[in-house]
Amino acid sequence: MHAISEYIQFNLSLLISSPLSTRNCPCRMSQLPPKSPLPSPVSEGTNSRVESLDNLSMDSFWLEVENIKQSTEGEQEECSLADVKTQEEGEAEAEWLQDAGLSDLLGDGASEKDNIVLLSTLTRTQAAAVQRRLDTYSRSRRRKNKHPVRDVRDIFGVVSSEETAAKKEESSPDQLWHNLRTSNVQRTETQDYSFTVRNPGKEEMFNMDVAYSEQAAVLLKGSFLSESRKLNDGSALTKFKIPKGRLGVTRIGDLSAQDMKKIPTLALIELTALCDILGFELKRNKAAKLKTAEKRLFGVPLNTLLENDQKLLPNTKVPLLLQSLLSCLEKRGLETEGILRVSGSQTRIKSLEQKLEKDFYTGLFRWDEVHQNDVSGLLKRFIRELPAPLLTAEYLPAFAAVQNIPDLKQRLQALNLLILILPEPNRNTLKALLEFLSKVVAKENNNKMNLWNVSTVMAPNLFMHKGLPNKIPEGKEKQLAEGAADVVRMMIHYQDLLWTVSSFLVAQVRKLNESNSKRYQFCDKRIKNLLRKIHADKDKVEKNQAEPSKIVKVHASLLLKDSLEVHLNNATRVADVLRQFQKNLCQNGWNIVNTVNLLKCNNSMECTNLLLYEVGGNIGEHCLDPDTYLLDLYHINPHAEWIIKQNPSHPRMF
């Protein structure tokens, strides 16, 4: 029997052997590994001071692992997750197709309509990823003498017959699959990764308009930028900027819950396509049943915690206990030297856990009497004691394997997709944690905890889990520890970028909504084709106008009884409409319905905390970036309503 100190640390089953890396594909760490005597793989020219800082930081990693071991001594030996079993051939592909929303391709009798609509939105590289999984699954079924599964080209054939009227420029599905297969085989055989040194001080653009996998396919034979991984603070990290297109930038939380439910499926397909292009194999742990502790706070699934918390505070998106722990540390612990790194008393921490279980929901627990190092110990214990890893058992291997992608920008692309795939409770909880860690780093002059220090301390708590016991190859401990810390570092430093929904994914959501609407509203193909022609002619006329313009109505029913008429031109942005709304509100004496966020100042009315939402048409509800150009948005979604609403008092992420 494994001792309870035998934890998973880095289940790196994402990668297969690849020309991109000479490192072996590490699996899992379950034992407390010794400090590796191997030298740190620091690039030539790195001075001894930087190397010394690296060694000090990794000492913090091993110290944290030792603290975790001590905190679990004497506890009952059990795993909170069922053992992850090795999947037979075809099982992983079948599970992938189901998670990707393409279960009908397995021939299980599911509804065909949803599959058709989803397939019609895919890019070439995404469609190729689907085809590869289906081919593997089909071969395994034939070997097992089961009924043959349907060919995805049959599904695409149905799509083609119904959709090509609006897309004459697209090639036939059979030709598409042929081109995808041949082109991607050639890519795999001729992969050539050249590297030039990335300039840490230079700002680079992070393109979210084009699918990441399509970008990788174009750059495959080009030169990738690389950077040293041995950076101990955020000042030298490459700066990335998301270029704002005409439609602005969409953050997680800007889309309705209905539309966000579509994002993980699309992100999974895109992540798989990106890995295919880069020569990696995306492997996931099979979801296992949880064995939860009979407690109310520690060792309780996030969903259960949130259900209980929402009975007290509706719309709670981050567990109240975690909010309390972070709030306590922010008030009294941010400037404490060695916060997070310096361990509190294990005896006191376990005693505090018992008191919290008893008194937290009664309001009798006294946070002001708790030492800050003990609070940080409780925070890390809360994360470790979750029945499943915060990064999820299914995708923990993929998060850990991000370190092996050679190009920084592509590592961030993969992380962005993984965060979008996470269940909402996990994603919101992770964001709350990362925002707190950023605040710790911001106070490093006082607390002596820079970005690398914080990353090395938190990595074991995120990547080690007692529910997934196993071992890794001997001699890989230091390499894997540094890699995991680097992933945490990226999540802390680039969290604003990572919590963005790429424009190409938003466009796919719009296409899904449009296809569903057309499919269920119009059964007669002749009517559908006629309407397409009408809309195509209308769009053509509008786009050919020298100075396109449009008068639309903007509603603010929660604030005013009247609507606002807005004249749109190529320069009209969301911010302009909100300013016009404010001006009319102040000057015209509109009939105000709600004055909660309207403040009287110097005999004039000023609107504060107002946002413009796009509602309906090919989107559920979309909070618009202030820099969105509204005429462009109108052309994309002419049937939507635009509504001004109050900005929620809490940040939209939580």
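Going by the structure above, here's the rest.
Note that the structure is predicted; figures quoted are calculated from it, not measured.

*Asks:* I'd love a proper account of the overall build of the protein chain, names of residues and values included.
*Replies:* Tallying secondary structure elements over the protein chain gives 24 helices and 13 strands in all. When each of the 654 residues of the protein chain is scored for burial, the buried share is 51%. Nonlocal contacts in the protein chain, meaning residues at least 24 apart in sequence, comprise 80% of its contacts between residues at least 6 apart. Just so you have it, the protein chain exposes about 30300 Å², and 49% of that area is on carbon and sulfur atoms.

*Asks:* I'd like a rundown of the packing of aromatic side chains, residues and numbers included.
*Replies:* On inspection of all chains with the given rule, the structure shows eight aromatic pairs. Taking the centre distance of 4.9 Å and the plane angle of 80° together, the rings of Phe61 and Trp62 count as edge-to-face. Among the residues examined, Phe61 registers a relative accessible area of 0% and is labelled buried. Here Phe365 and Trp367 contribute two aromatic rings whose centre-to-centre distance is 4.7 Å and whose plane-to-plane angle is 70°, an arrangement assigned as edge-to-face. Neither Phe365 nor Trp367 differs from the other in exposure class; each is buried. For Arg246, the ring lying beneath its charged end belongs to Tyr629, and the centroid distance is 3.8 Å. One cation-aromatic arrangement involves Lys645 over Tyr613; the distance from NZ or CZ to the ring centre is 5.0 Å.

*Asks:* Quick rundown of the environment of Arg284? Include the residues and the values.
*Replies:* By the secondary structure assignment, Arg284 is in the loop between helix H9 (263-278) and helix H10 (302-312). Look at Arg284 and you get buried, because its relative accessible area is 15%. Along the primary structure Arg284 and Pro397 are separated by 113 residues, whereas in three dimensions their C-alpha atoms are 6.6 Å apart. At 2.8 Å, the side chain of Arg284 and the side chain of Asp99 are in polar contact.

*Asks:* I'd love a proper account of H9, names of residues and values included.
*Replies:* With 16 residues, H9 should reach 22 Å at 1.5 Å per residue; the first-to-last C-alpha distance of 22 Å fits that figure. Burial runs high along H9: 15 of the 16 residues are buried. Downstream of H9 by a residue or two, Gly279 has a phi angle that is positive, lying close to 90°.

*Asks:* Just give me the short version of the pairing of strand S11 (residues 610-616), but keep the residues and values in it.
*Replies:* Of all seven residues in S11, five are buried; the element is thus mostly enclosed. Note: S11 against strand S13 (residues 641-646), six bridges, orientation antiparallel. By the bridge assignment, Leu612 is partnered in S13 with Ile644. Pairing of S11 with strand S12 (residues 619-623) involves four bridges; the strand directions are antiparallel. Its bridge partner lying in S12, Tyr613 is registered against Cys623.

*Asks:* Mind laying out the side chain of Asn373, listing which residues take part and the relevant values?
*Replies:* By the secondary structure assignment, Asn373 is in helix H13 (residues 372-384). Those residues in contact with Asn373 that lie beyond four places of it in its chain are Thr336, Ile339, Val342, Ser343 and Gly344.

*Asks:* Tell me about helix H18 (residues 451-463), residues and numbers included.
*Replies:* Taking 1.5 Å per residue as the helical rise, H18 with its 13 residues ought to reach 18 Å, and the 18 Å between its terminal C-alpha atoms agrees with that figure. The largest bend in H18 comes to about 30°, at Val457, with the proline Pro460 one to four residues further on. Its side-chain oxygen 3.1 Å from the backbone nitrogen of Trp452, Asn450 forms the N-cap of H18.

*Asks:* Go over the packing of helix H15 (residues 408-421) against helix H19 (residues 477-493), please, and point to the residues and values.
*Replies:* At their nearest, the axes of H15 and H19 sit 11 Å apart, and the two run at 75° to each other. In terms of axis orientation, H15 runs roughly perpendicular to H19. Here H15 contributes Leu408, Arg411, Leu412 and Leu415 to the contact with H19, which in turn contributes Asp486, Val487, Met490 and Met491. Considered class by class, the residues forming the contact of H15 with H19 number six nonpolar, no polar and two charged.

*Asks:* Help me get a handle on unusual backbone geometry, residues and values and all.
*Replies:* Backbone geometry at Asn315 places phi at a positive 70°, although glycine is not the residue there. On the secondary structure map, Asn315 appears in the loop between H10 and helix H11 (320-332). Backbone geometry at Lys448 places phi at a positive 60°, although glycine is not the residue there. A relative accessible area of 45% means that Lys448 is categorised as partly exposed.

*Asks:* Give a description of the environment of Ser327 that names residues and reports values.
*Replies:* Along the chain, Ser327 falls in helix H11. Between the C-alpha atom of Ser327 and that of Trp367, which follows or precedes it by 40 residues, the distance is 9.9 Å.

*Asks:* So what's going on with the pairing of S13? Which residues, and what values?
*Replies:* Examined bridge by bridge, strand S7 (residues 550-555) and S13 share two bridges and lie parallel to one another. Across the sheet, residue Val554 finds its bridge partner in S13, namely Trp642.

*Asks:* Which residues make up the sheet that holds strand S8 (residues 564-568), and what values do they have?
*Replies:* Whether parallel or antiparallel, the strands of a sheet pair through hydrogen bonds between backbone atoms. Judged by pairing direction, the sheet is mixed, and its five strands sit side by side in the order S8-S7-S13-S11-S12 without closing on themselves. Among the strands making up the open sheet, the edge pair consists of S8 and S12. With strand direction ignored, the average angle separating the axes of adjacent strands in the sheet is 30°. Sheet analysis places S7 next to S8, joined by five bridges and oriented antiparallel. Directly across from Ile551, in S8, lies its bridge partner His567.

*Asks:* Tell me what's going on with the environment of Pro319, and back it up with residues and numbers.
*Replies:* Looking at where Pro319 falls in the secondary structure, it is placed in the loop between H10 and H11. Separated by 17 residues in sequence, Pro319 and Leu302 place their C-alpha atoms 7.3 Å apart.

*Asks:* Can you tell me about the pattern of salt bridges, naming the residues and giving the values?
*Replies:* All chains considered together, the criterion is met by 22 salt bridges. Among the ionic pairs, Lys380 bridges to Glu64, the shortest N-O distance being 3.0 Å. Taken as a pair, Lys380 in helix H13 and Glu64 in helix H1 (residues 48-72) lie far apart in primary sequence, 316 residues in all. The class for Lys380 is buried, based on a relative accessible area of 5%. Of the charged contacts, one joins Glu621 and Lys645 as a salt bridge, the two residues approaching to 2.7 Å between their closest N and O atoms. Placement of the pair is Glu621 in strand S12 and Lys645 in strand S13, with a sequence separation of 24 residues. The class for Glu621 is partly exposed, based on a relative accessible area of 26%. Overlapping salt bridges bring together Lys244, Arg573, Asp576, Arg579, Asp625 and Asp627 as one network.

*Asks:* Run through the nonpolar core, naming residues and quoting values.
*Replies:* Grouped together as the largest cluster of nonpolar side chains are 131 residues, with contacts concentrated most on Leu340, Phe399 and Phe463. Ranked by residues supplied to this core, first place goes to H9 with ten residues. Core analysis: the next-biggest nonpolar cluster, separate from the first, contains 21 residues, Leu564, Val566, Leu568 and Val577 among them.

Cut-off values and rules
- Residues numbered from 1 in each chain as written.
- Predicted model: local features only at pLDDT ≥ 70, side-chain atom pairs only at ≥ 80, totals over all residues.
- Heavy atoms only, no water.
- Helix = DSSP H or I, 4+ residues; strand = E, 2+ residues; numbered from the N terminus.
- Buried < 20%, exposed > 50% of the residue type's maximum accessible area, 1.4 Å probe, protein only.
- Contact = heavy atoms within 4.5 Å.
- Areas by Shrake-Rupley, 256 points an atom, 1.4 Å probe, with all protein chains shown as cover.
- Phe/Tyr/Trp six-rings, centres within 6.5 Å; stacked < 30°, edge-to-face > 60°.
- Lys NZ or Arg CZ within 6 Å of the ring centre and 35° of its normal.
- Polar contact = N/O pair within 3.5 Å; in protein donor to acceptor, adjacent residues only side chain to side chain.
- Expected span 1.5 Å × (residues − 1).
- Pairing = 2+ DSSP bridges.
- Bend = angle between axes of the 7 residues up to and from the residue.
- Axes fitted to C-alpha atoms, helices over the stretch in contact; angles between N-to-C directions.
- Parallel < 35°, antiparallel > 145°, perpendicular 65-115°, else oblique.
- Nonpolar A, V, L, I, M, F, W, Y, C, P; charged D, E, K, R; others polar.
- Salt bridge = Lys/Arg side-chain N within 4 Å of Asp/Glu carboxyl O.
- Core = buried A, V, L, I, M, F, W, Y, C linked by side-chain atoms within 4.5 Å.

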